[in-house]
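Here's the letter readout for the chains.
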Amino acid sequence: ESGNYREVPKLEKQLLNVKDKQAKLEEREKKEREKLESRVEDAKKKALERAEKLKKKEEEAKRKEEDAKAKKEKKEEELRQREEREAKRASEKEKESNSKAEADADHKDEATPKPKKARKETAVVDDKAKVKQ
């Protein structure tokens with residue numbers, strides 16, 4: 001039995017070595033697990049950032065498209081209003097021109113004898129001629 005006691009320190013030393021190796025392995029595994037978890041978190045963050053960046057780009061593109069559409073509609077409205085103003089001016093000029101032409105015609109009529117009066121005078125002369133006969 002005394003030989004068994006001599007082996008006890010050896011066995012205890014071996015047990016301590018095994019426990020030490022196990023602790024080192026567990027520590028390594030823990031570090032590796034933490035490293036992998038960190039990589040996973042980093043990958044998730046990057047994916048989230050890319051998604052947000054893509055969302056912002058899409059929103060920016062949508063906003064630009066809406067701005068361009070609004071700008072186009074505004075230009076079309078301005079063009080329509082300009083055309084309406086030009087048509088109104090042309091209509092007013094035409095009315096003015098027509099009223100001026102009518103005024104000129106009235107002045108012309110006043111300056112020249114009216115053919116109706118001449119006919120009446122001719123009719124009176126004809127009637128006098130008939131009476132004489």
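Preceding block: the structure.
Residues numbered from 1 in each chain as written. Predicted model: local features only at pLDDT ≥ 70, side-chain atom pairs only at ≥ 80, totals over all residues. Heavy atoms only, no water.

Colleague: Tell me about the overall build of the protein chain, residues and numbers included.
Modeller: From N to C terminus, the protein chain includes two helices and zero strands. Across the 133 residues that make up the protein chain, the buried fraction comes to 0%. Split by element, the accessible area of the protein chain, about 13,700 Å² in all, is 52% carbon and sulfur. (Helix = DSSP H or I, 4+ residues; strand = E, 2+ residues; numbered from the N terminus. Buried < 20%, exposed > 50% of the residue type's maximum accessible area, 1.4 Å probe, protein only. Areas by Shrake-Rupley, 256 points an atom, 1.4 Å probe, with all protein chains shown as cover.)

Colleague: Describe a negative patch on the surface, with residues and values.
Modeller: Together, Glu27, Glu34, Glu37, Glu41 and Asp42 line one region of the surface with negative charge. Position of Glu27 among the secondary structure elements: in helix α1 (residues 2-111). Residue classification places Glu27 among the partly exposed residues on the basis of a relative accessible area of 40%. (Patch = residues over 30% accessible without salt bridge, like charges linked within 9 Å, V, L, I, M, F, W, Y side chains within 5 Å. Salt bridge = Lys/Arg side-chain N within 4 Å of Asp/Glu carboxyl O. Lys, Arg positive; Asp, Glu negative; His and termini not counted. Charge placed at Lys NZ, Arg CZ, Asp CG, Glu CD.)

Colleague: Give me the pattern of salt bridges: which residues, what numbers.
Modeller: Scanning the model with the defined rule gives five salt bridges in all. When the shortest N-O distance is used, the salt bridge between Asp20 and Lys24 registers 3.8 Å. Note that Asp20 and Lys24 are positioned in helix α1 at a spacing of four residues, about one turn of the helix. For Asp20, a relative accessible area of 40% puts it in the partly exposed group. Of the charged contacts, one joins Arg80 and Glu84 as a salt bridge, the two residues approaching to 2.3 Å between their closest N and O atoms. Separated by four residues within a single helix, Arg80 and Glu84 lie in helix α1, roughly one turn from each other. Overall, the relative accessible area of 47% leaves Glu84 in the partly exposed class.

Colleague: Break down a positive patch on the surface for me, with residues and values.
Modeller: On the surface, Arg82, Arg85, Arg89 and Lys93 cluster together into a patch of positive charge. Among the secondary structure elements, Arg82 is positioned in helix α1.

Colleague: Quick one: what's the story with the environment of Ser99, residue by residue and with numbers?
Modeller: Mapped onto the elements, Ser99 comes out in helix α1. Taking the relative accessible area as the measure of exposure, Ser99 reaches 41% and is therefore partly exposed. From its side chain, Ser99 meets the backbone oxygen of Glu96 in a polar contact 2.9 Å long. (Polar contact = N/O pair within 3.5 Å; in protein donor to acceptor, adjacent residues only side chain to side chain.)

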